[in-house]
Amino acid sequence: MVTTIAARRRTLTTTALVAVVIVLALASLGTGPVRMSPLTVLDALAGGGSDVQQIIVREIRLPRAILALAIGAILGLSGAALQGLLRNPLASPSLFGAPQSAAFGAVLIIALGLADIRSYALPAAAIAMAFLSVFVLLAVAGRSAGLLLLILAGLAISSLAGAATALALNLSPNPFAALEISFWLLGSLDDRSFRHVMLALPFIIAGAIVLMSQRAAFRALSLGEETAQSLGVHVGRLRLLVIAGVALGVGGAVAVAGTIGFIGLIAPHLMRPLIGHDPARLLIPSALTGAALLLAADIAVRIIPSTTDIKVGVLTSLIGVPFFLYLILRERRALSGGVA
Amino acid sequence: MNPTAFLTARHLDVALGGRKVLRDVSFAWPRRQFVALVGPNGAGKTTLLRALAGLIDSSGTILIGDDTLTDLSLRQRALRFGYLPQGHVVHWPLPVRDVVALGRYPHGATDPDRLAPRDRDAVARAMSATAITEFGDRRVTELSGGERSRVALARVLALEAPVVLADEPTASLDPRYQLDVMRTLRVAADQGMLVIVVTHDLGLAARFADRVLVLSGGCLVAEGPPAEALSDQMIGDVFRVTTYRAEHERAAIIVPWAGL
């Protein structure tokens, strides 16, 4: 077995990421109105400490930490998978309108009175709309779409989905419409329970399995679609599977947390200098980075002093949008050429 | 048909977007051959390569070994044809060795970090045949056009498929690299492969190929040894140019000279 320096660095990076995610998860369990040290948290998790500590850690904060970890991971993974599929470093679920469309699916179900926020109809609708949005996007943009086309089509879809979500909530007899709009458009992990974990996790895991199963094909796709096909990759099937995987994961995530943007865009970029550009090798580190980012953001919204709750989706957008602008600056040549 | 034929096309027709691009093309070639595909721009050369690789639909029959192309799965086709498209595109700055290792993808070697000894040997052989062993760890994006074309060629050779289909592998290369690439493909043919190369360089075709297939307007107009297929008459009819001919080291030299 040949172990190159690059391979050793990849292993080291992945190991370090796992450690960071564990530390952040413990910090997340310790953060809130009642602060707890990591040791107290571990003790409470294992069934020690006072009853109050146990309830706070195991029933109030654990579901929130699990969701932050799982949702961050699937967003990072989806971003890396879309970038691999489209051979394009600016691809990400939120730029393509997938979470916004998923939110609209969920809101529509609620507004029509077809389900409450505890039924599986909610993630099902979110997944269906996420699938539709990515499918429409790739159909509109065409097979070998350039950067510009994809981003414009994504902008159109996310704007439409956002407007449709606001409209559905405006028209519904819900007295808390304004509050609800902010939840679905901005995303939050406040007050999530194990019911929400059960609602989202199966779909997130299914989406992750689908995306991971295609990882080798992403590497072959580096050589272009036709060459990948000449190597035995069913490119059409791969596209459908990636859309399905992203829809399952993002739809499941949005159904319980609303739209949380930009993690899918940022995570693979943070990993490229350490892992390299191989789209297959980027998947797991991007998922870990996504998990770390969302855990950190969800800790931050709880410790930033403010009179009202800051939504975690606001924070990820505040960090994500400037990052996106920086990427546009870097990719300016490709963008103005109109080819990818 | 030729009993030793390995790749046979019978009455091949290809339509792209409702337009007929190839009409009634038939040939039969054995292994251990170097075939040059020549013809003016838009004659259907690339289309013929893509049809042979099974990348686009065609009517008529393509036989590869004892099998009909349409009976083969995508993976079985991938194991029989090494396809080298124009341009040598690599979308990400991957290490050279990983790009070459993608040649083993159809063999099930999907992870360049965990190659079986058989796959690792094939990658090493291909890299040494194209003289790129020394920059295996560099990124393809850091290489010159000539070096990148050799990486692309190594990727196709690493597959060790019976048929190599190369679309203008010498385009935009300096003379030295053009000769290197053609010589590498010639060696592959001598070792038993059927090498089919699209080229606009009639001189290289005449010098390196065993057979030349001339396409014009989607039709096969000549197929045979270079001396026959690239006659003055044929080149005049198809390319609308006169030719200057000479001989050097017992090889034919053809230089397009003036427009007709």
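Residue positions are given per chain, counting from 1 as you read along its sequence in written order. Each chain is given a letter, starting from A, and each ligand a number, starting from 1, according to the order in which they appear as written. Residues qualify for local features only when their pLDDT is at least 70, as the model is predicted, and side-chain atom pairs are given and counted only at 80 or more; totals for whole chains, interfaces and linings, by contrast, use all residues. Excluded from the side-chain calculation are hydrogens and water; included are all heavy atoms of the structure.

K.L.:
I tried to follow the overall build of chain B on my own but got confused; where do I start?
P.N.:
When helices and strands are tallied, chain B shows 9 helices and 12 strands. Counting only C-alpha atoms and orienting by the principal axes, one finds that chain B spans roughly 55 × 40 × 35 Å. Burial analysis of chain B (260 residues in total) assigns 55% to the buried set. Contact criterion: two residues are considered in contact whenever any of their non-hydrogen atoms come within 4.5 Å of each other. A fraction of 64% describes how many contacts in chain B between residues 6 or more apart in sequence connect residues 24 or more apart. On chain B, roughly 11,500 Å² of surface is accessible, and the fraction owed to carbon and sulfur atoms is 47%. In chain B, the 30 positive side-chain charges and the 29 negative ones have mean positions that sit 2 Å from each other. Put simply, DSSP H or I for four residues or longer makes a helix, DSSP E for two residues or longer makes a strand, and each gets a number counted from the N terminus. Buried means the residue's accessible area, taken with a 1.4 Å probe over protein chains only, is under 20% of the maximum for its type, while exposed means over 50%, and partly exposed covers the values in between. Working definition of accessibility: Shrake-Rupley area with a 1.4 Å probe, residue cover restricted to the visible protein chains. Asp and Glu count as negative and Lys and Arg as positive, but His and the ends of the chain are not part of the count. For the purpose of locating charges, the reference atoms are NZ of Lys, CZ of Arg, CG of Asp and CD of Glu.

K.L.:
Please clarify how the interface of chain B and chain A should be interpreted in this entry.
P.N.:
Many authors give the size of an interface as the accessible area that is lost as the parts come together. Contacts between the two partners involve 28 residues from chain B, matched on the other side by 28 residues from chain A. Each partner contributes to the roughly 2,600 Å² buried at the junction of chain B and chain A, and carbon and sulfur atoms together form 60% of this total. Of all residues in chain B, the largest losses of buried area upon contact with chain A belong to L74, H91 and W92 of chain B, amounting jointly to 29% of the total for that side. Think of a salt bridge as a Lys or Arg side-chain nitrogen and an Asp or Glu carboxyl oxygen that are within 4 Å of each other. Viewed at the interface, chain A and chain B are joined by 4 salt bridges. For R281 of chain A, the salt bridge goes to D98 of chain B, with nearest N and O atoms at 2.9 Å. What qualifies as a polar contact is a pair of N or O atoms within 3.5 Å, subject to a donor-acceptor requirement within protein and to the restriction that residues adjacent in sequence count only when both atoms come from side chains. Inspection of the chain B/chain A interface yields 7 residue pairs in polar contact (both at pLDDT 80 or more). What counts as buried area is the accessible surface, traced by a 1.4 Å probe, that two parts surrender upon association, with contributions from both included.

K.L.:
Looking at this structure, how should I read the side chain of S133 of chain A?
P.N.:
Note that S133 of chain A resides in helix 5 (residues 121–141). When its relative accessible area of 5% is taken as the criterion, S133 of chain A is described as buried.

K.L.:
How should I be thinking about the pattern of salt bridges in this particular structure?
P.N.:
All names here are of chain A. Following the criterion strictly, the structure yields 22 salt bridges over all chains and no others. Among the ionic pairs, R64 bridges to D190, the shortest N-O distance being 2.9 Å. One end of the pair, R64, is in helix 3 (residues 51–86); the other, D190, is in the loop between helix 7 (177–186) and helix 8 (194–213), with 126 residues separating them in the sequence. Between D298 and R64 there is a salt bridge; the shortest N-O distance is 2.8 Å.

K.L.:
Help me out: how do you make sense of unusual backbone geometry in this one?
P.N.:
Even without being glycine, R87 of chain A reaches a positive phi, approximately 50°. When its relative accessible area of 13% is taken as the criterion, R87 of chain A is described as buried. At E160 of chain B, a residue that is not glycine, the phi angle is positive and equals roughly 50°.

K.L.:
Honestly, the packing of aromatic side chains in this entry has me stumped. Any pointers?
P.N.:
Aromatic pairs are defined between Phe, Tyr and Trp rings, using the six-membered ring for Trp, whenever the two ring centres lie within 6.5 Å; interplanar angles under 30 degrees are classed as stacked, those over 60 as edge-to-face, and all others as tilted. Summed over all chains, the structure comprises 6 aromatic pairs over all chains. Ring centres of F262 of chain A and F324 of chain A lie 6.4 Å apart, and the angle between their planes is 45°; on these two criteria the pair is classed as tilted. With F262 of chain A in the loop between helix 11 (235–257) and helix 12 (263–275) and F324 of chain A in helix 14 (residues 312–330), this pair connects stretches of sequence that are 62 residues apart. Judged by relative accessible area, which is 13%, F324 of chain A ranks as buried. Between F27 of chain B and W29 of chain B, the aromatic rings sit 3.8 Å apart at their centres with planes inclined by 15°, giving stacked as the arrangement. You can call W29 of chain B buried: its relative accessible area is 0%. Placement of a positive charge over a ring is assigned whenever Lys NZ or Arg CZ falls within 6 Å of the ring centre and within 35 degrees of the normal to the ring plane. Between the NZ or CZ atom of R31 of chain B and the centre of the ring of F6 of chain B, over which it lies, the distance is 4.9 Å.

K.L.:
Could you clarify how one ought to interpret the nonpolar core in this entry?
P.N.:
What tends to happen in soluble globular proteins is that the nonpolar side chains get buried as a cluster. Counting residues in each nonpolar core, the largest one holds 156 residues, and the members touching the most others are I71 of chain A together with V100 and L230 of chain B. In terms of residues, this core owes the most to one element, helix 3 of chain A, which gives 13 residues. Apart from residues no more than four positions distant in its own chain, L230 of chain B is found in contact with V38, L202, A205, A206, V212, V214, I235, R245 and I254 of chain B. Formed by 32 residues, the second largest nonpolar core is a distinct cluster that contains W29, L48, I62 and F81 of chain B. Put simply, buried Ala, Val, Leu, Ile, Met, Phe, Trp, Tyr and Cys residues joined by side-chain atoms within 4.5 Å make one nonpolar core.

K.L.:
Sorry, what's going on with the side chain of T259 of chain A here?
P.N.:
Residues and elements named next belong to chain A. Within the fold, T259 resides in the loop between helix 11 and helix 12. What makes T259 buried here is its relative accessible area of 7%. There is a polar contact of 3.1 Å between the side chain of T259 and the backbone oxygen of W184.

K.L.:
Help me understand helix 5 (residues 145–158) of chain B, please; the structure alone is not making it clear to me.
P.N.:
Quick reminder: α-helices carry 3.6 residues per turn. Residues three or four places apart thus point the same way. End to end, helix 5 of chain B covers 20 Å across 14 residues, agreeing with the expected 20 Å (1.5 Å per residue, within 8%). With respect to burial, helix 5 of chain B is a largely interior element, 12 of its 14 residues being buried. Looking at the buried side of helix 5 of chain B, the elements it contacts are helix 10 (225–230) of chain A together with strand 6 (81–84), helix 3 (96–101), helix 4 (117–129), strand 7 (163–167) and helix 6 (175–190) of chain B. Where helix 5 of chain B ends, the next residue or the one after it, E160 of chain B, has phi of about 50°, a positive value. Here the expected length of a helix is defined as 1.5 Å per residue gap, with one fewer gap than residues.

K.L.:
I tried to follow the pairing of strand 1 (residues 7–16) of chain B on my own but got confused; where do I start?
P.N.:
The two faces of the sheet receive side chains in turn, since in a regular strand these alternate between them. Residue and element names in this part refer to chain B. Following DSSP output, two strands are said to pair if at least two bridges run between them. With 5 bridges connecting them, strand 1 and strand 4 (residues 59–64) associate as antiparallel partners. Across the sheet, A9 pairs through a bridge with I62, a residue of strand 4. With 7 bridges joining them, strand 1 and strand 2 (residues 19–29) adopt antiparallel strand pairing. Opposite L12, over in strand 2, you have V25 as the bridge partner. Between the end of strand 1 and the start of strand 2, which pair antiparallel, lie 2 residues, with G17 showing a positive phi angle near 55°.

K.L.:
Explain helix 14 of chain A to me, please; I cannot follow it from the model alone.
P.N.:
Residues and elements named next belong to chain A. The terminal C-alpha atoms of helix 14, which comprises 19 residues, lie 27 Å apart, in line with the 27 Å expected from a rise of 1.5 Å per residue. Buried within helix 14 we find V312, G313, L315, T316, G320, F323, F324 and L327. Looking at the buried side of helix 14, the elements it contacts are helix 7, helix 12 and helix 13 (283–303).

K.L.:
What is the right way to read the packing of helix 4 of chain B against helix 5 of chain B from this model?
P.N.:
The axes of two packed helices give the description: the angle between them and the distance between them. Residues and elements named next belong to chain B. A fitted line through C-alpha atoms represents every axis, and for helices the fit uses only the stretch in contact; the resulting angles, taken between N-to-C directions, go from 0 to 180 degrees. Orientation of helix 4 relative to helix 5, taken along the N-to-C sense of each, is 140°, at an axis distance of 8 Å. By the angle between their axes, helix 4 is oblique relative to helix 5. You can see that helix 4 and helix 5 cross each other, and the crossing is right-handed. Of the residues in helix 5, those touching helix 4 at A122, V123, A126 and A129 are A154, L157 and A158. When residues are sorted by character, Ala, Val, Leu, Ile, Met, Phe, Trp, Tyr, Cys and Pro go into the nonpolar class, Asp, Glu, Lys and Arg into the charged class, and all the rest, Gly among them, into the polar class. Along the lines of polarity and charge, the residues of the contact of helix 4 with helix 5 split into 7 nonpolar, no polar and no charged. Note that the term roughly parallel is reserved for angles under 35 degrees, roughly antiparallel for angles over 145, roughly perpendicular for angles of 65 to 115, and oblique for everything else. In this scheme the crossing of two helices becomes right-handed for a clockwise turn of the near helix relative to the far one and left-handed for an anticlockwise turn of less than a right angle.

No statement about biological role is implied by the geometric values presented.
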